[in-house]
Amino acid sequence: MIYPEVLDKSIELLKKLPGIGERTAERIALAINEFSKEDVTELATSLVECKNELHPCHVCGALTDKEICRVCDNPLRDKEVICVVENFKDVFTFEKSEAFNGVYHVLNGLISPIDNIGPDDINIASLVNRLNELENVEVIIALRPCIEGDATTMYLKKILEKSSIKISRLPYGIPMGVEIDYLDGVTIDRAMKDRINIS
Ligand SMILES: [Zn+2]
């Protein structure tokens, strides 16, 4: 072992981060060690606070430290336009783009028969409950263009099409298999404007 044991432990933990290999983990661990003692403590405390206090919004499933997230709690947001996304990271991506003034619904997964993930394993029932309480609602399905994303979109279309709900999906211009959180604001803004009605 090249590094002292305590440093090696930090490196091993940092390597769990997405896109962080051995060398980057080493650099981050050494850089943090250069921080003042106060800053290191603040960093560690804030990470623990995030872990303890963040949870899904009771309405939409987005990540929040309150009972209801900032979007659901904002009276200026259009509660009758619901953008259905795969995970809470997508909510942040859409919010950063400032391309959308409605609200979200986080499925927390996609239907994937190969992985034994069916409609009951993701947050579809809570979406249906929300929709039952609304009139003149539009659902924008904003899922990754992949087999699982398409299967989930088709399932949602099937269960919602008997109602008067307007259903749209993002256009096919989004590259296949790309994670929503890799899209830039301009692309998201364009995709929202060019959404395709499928109801
Ligand atoms: Zn919410």
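1. Some thoughts on the domain arrangement of the protein chain
- For the protein chain, the assigned domains read domain 1 (5–53) and domain 2 (77–197).
- Centre-to-centre separation of domain 1 and domain 2, based on C-alpha positions: 34 Å.

2. A word on the sheet that holds strand 4 (residues 103–106)
- Read across the open sheet, the five strands follow the order 4-3-5-6-7; overall the sheet is mixed. Single-partner strands in this sheet number two, and they are strand 4 and strand 7 (196–197).
- Pairing geometry for strand 5 (residues 138–141) and strand 6 (residues 166–169), over four bridges, is parallel. In the sheet register, Glu138 faces strand 6, and the bridge partner there is Lys166.

3. Observations concerning helix 3 (residues 37–53)
- An ideal rise of 1.5 Å per residue puts 24 Å on 17 residues; helix 3 measures up with 24 Å between its terminal C-alpha atoms.
- Of all 17 residues in helix 3, zero are buried, a share of ten percent or less.

4. Overview of the pairing of strand 3 (residues 81–85)
- Of all five residues in strand 3, four are buried; the element is thus mostly enclosed.
- Here four bridges tie strand 3 to strand 5, and the two strands are oriented parallel to one another. Bridge pairing in strand 5 links Val81 to Glu138.
- Pairing geometry for strand 3 and strand 4, over four bridges, is parallel. Note on strand 4: the bridge partner recorded for Cys83 is Tyr104.
- As a crossover connection, the stretch from strand 3 through helix 4 (residues 88–97) into strand 4 is right-handed.

Definitions and limits used
- Residues numbered from 1 in each chain as written.
- Predicted model: local features only at pLDDT ≥ 70, side-chain atom pairs only at ≥ 80, totals over all residues.
- Domains from an automatic or database assignment.
- Pairing = 2+ DSSP bridges.
- Helix = DSSP H or I, 4+ residues; strand = E, 2+ residues; numbered from the N terminus.
- Expected span 1.5 Å × (residues − 1).
- Buried ≥ 20, exposed ≤ 12 C-beta atoms within 10 Å, placed from the backbone.
- Right-handed = clockwise from strand over helix to strand, strands pointing away.

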